[in-house]
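# Report on the structure
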Amino acid sequence: MSCDRILVTAKQLESVVSGLAEEIAAAYRNLDNIVALVMLDGARYFAKDLLANLDFPVEVVFIKASSYGSRTSSCGRVRIGASADLTNQIRGKHVLVIDDIYDTGLTLATLLNRLRDYQPQSIRTCVLLEKAIEHTQKIPIDFRGLIIEDAFVIGYGLDFDGRYRDLPFIASFSPKHACSAKNAHGA
Ligand code: 5GP
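Summary of the structure given here. (Residues numbered from 1 in each chain as written. Predicted model: local features only at pLDDT ≥ 70, side-chain atom pairs only at ≥ 80, totals over all residues. Heavy atoms only, no water.)

### Comments concerning the overall build of the protein
Note the threshold: Working definition: helices are DSSP H or I runs of at least four residues, strands are E runs of at least two. Numbering for both runs from the N terminus. Buried means the residue's accessible area, taken with a 1.4 Å probe over protein chains only, is under 20% of the maximum for its type, while exposed means over 50%, and partly exposed covers the values in between. Should any heavy atoms of two residues lie within 4.5 Å, those residues are counted as being in contact. The method behind every accessible area is Shrake-Rupley, applied with a 1.4 Å probe, and residues are considered shielded solely by the protein chains displayed.
Secondary structure assignment for the protein yields five helices and nine strands. Each helix and strand of the protein, placed in order from N terminus to C terminus, yields the pattern β-α-β-α-β-β-α-β-α-β-β-β-β-α. Every one of the 187 residues in the protein was classed for burial, and the buried ones make up 48%. Contacts in the protein between residues at least 24 apart in sequence constitute 67% of all its contacts with a sequence separation of at least 6. Carbon together with sulfur atoms contributes 47% to the accessible area of the protein, which is approximately 9,300 Å² in total.

### Remarks on the site of the ligand
Rules: The rule for a residue being near a molecule or strand is that one of its heavy atoms must lie within 4 Å of it. We call two N or O atoms a polar contact when they sit within 3.5 Å, provided that within protein one can donate a hydrogen and the other can accept it, with sequence-adjacent residues counted only if both atoms are side-chain atoms.
Around the ligand, a shell composed of 16 residues is seen, among which Asp100, Thr104, Thr107, Val153 and Asp159 lie nearest. Within the side chain of Asp100, a nitrogen or oxygen atom sits 2.6 Å from an oxygen atom of the ligand. The contact in question runs from a nitrogen atom of the ligand to an N or O atom on the backbone of Val153, over 2.7 Å. For the shell around the ligand, the leading source of residues is strand 5 (residues 94–102), giving three residues.

### Examining the nonpolar core
For soluble globular proteins, the rule of thumb is that nonpolar side chains tend to be buried together. Selection criterion: Side-chain atoms within 4.5 Å link the members of a nonpolar core, which is a set of buried Ala, Val, Leu, Ile, Met, Phe, Trp, Tyr and Cys residues.
Ranked by size, the top nonpolar core spans 52 residues in total, and within it Leu37 and Ile98 carry the most contacts. When near neighbours in sequence (up to four residues on either side) are disregarded, Ile98 contacts Ala36, Leu37, Val38, Met39, Ala43, Phe46, Ala47, Leu50, Leu51 and Cys126. Core analysis: the second largest hydrophobic core is formed by eight residues, Phe152, Tyr164, Leu167 and Phe173 among them.

### Some words on the side chain of Asp99
Applicable threshold: Charge counting treats Lys and Arg as positive and Asp and Glu as negative, with His and both chain ends excluded. By salt bridge we mean one thing: a side-chain nitrogen of Lys or Arg within 4 Å of a carboxyl oxygen of Asp or Glu.
One can find Asp99 in strand 5. There is no salt bridge for the buried Asp99, and the closest opposite charge comes from Arg165, which lies 9.5 Å off by N-O distance. With near-sequence residues (within four places) excluded, Asp99 lies in contact with Met39, Ala43, Phe46, Leu108, Cys126, Val127 and Leu128.

### Looking at the environment of Leu115
Along the chain, Leu115 falls in helix 4 (residues 106–116). Classification of Leu115 by relative accessible area gives buried; the value is 0%. For Leu115 and Thr87, which are 28 residues apart along the polypeptide, the C-alpha to C-alpha distance reads 9.1 Å.

### Some points on the sheet that holds strand 9 (residues 170–172)
To keep it simple, the criterion reads: Whether two strands pair comes down to DSSP finding at least two bridges between them.
Spatial ordering of the open sheet is given by 1-9-8, a layout of three strands whose pairing is antiparallel. This sheet does not close on itself; its edge strands, each paired only once, are strand 1 (5–8) and strand 8 (153–154). Alignment of strand 8 against strand 9, held across two bridges, turns out to be antiparallel. The residue bridging Val153 from the neighbouring strand is Ser172, located in strand 9.

### Structural notes on the pattern of salt bridges
Where charged atoms of side chains with opposite charge meet at close range, the side chains can pair. Summed over all chains, the structure comprises nine salt bridges. Between Lys93 and Glu59 there is a salt bridge whose closest N-O contact spans 3.4 Å. One end of the pair, Lys93, is in the loop between helix 3 (86–90) and strand 5; the other, Glu59, is in strand 3 (residues 59–66), and 34 residues separate them in sequence. By relative accessible area, Glu59 is classed as partly exposed at 35%.

### Things to note about the side chain of Asp100
Along the chain, Asp100 falls in strand 5. One buried charge, Asp100, has no salt-bridge partner; the nearest side chain with opposite charge is Arg165, at 6.0 Å. With residues near it in sequence (within four places) discarded, Asp100 still touches Gly42, Ala43, Val127, Leu128, Leu129 and Leu158.

Written out as structure tokens, the structure is:
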């Protein structure tokens, strides 16, 4: 790869995800009415692999949240696109919020505040990555994959301007290098 540095390999991701699934299974196995709330678009790849590792039924609800657009630092505003059905999907249920990365914490904080209005039985949070920074919003993370350095990262669902989501690893990315997708794939 000519312009990015791989921080987490595909093999490491596989073992992190299966470790998280074991933790989640231990916490939820004997519960009914579990809903996984998957934050789009970034957590889609992670959630698919994570949920495939669970051996009990989980309802899956996708929720759209965005704070980045085409930039590499938070714009400080978060938009949550909730579906009209969310009340029925969440009330009285055990909600597991699945997100790709805990950066400033603004997105998760906004979502968690909003979710409480829907009266779930419990809310827990799972993130694949947490940046080693002083978070603007402190969020209780129940299931955490890896803590990474403070870099803008791409791959395994995380994008830059809609690109690089399909990389099977996590790499740091600097837009000034603006590499081609070919380079980012290590070609
Ligand atoms: P936060 O609200 O915690 O600052 O970040 C929320 C969202 O911003 C994350 O769920 C993710 O979609 C996006 N984000 C934060 N850091 C990064 C990053 O390093 N790379 C990419 N691609 N997205 C990020």
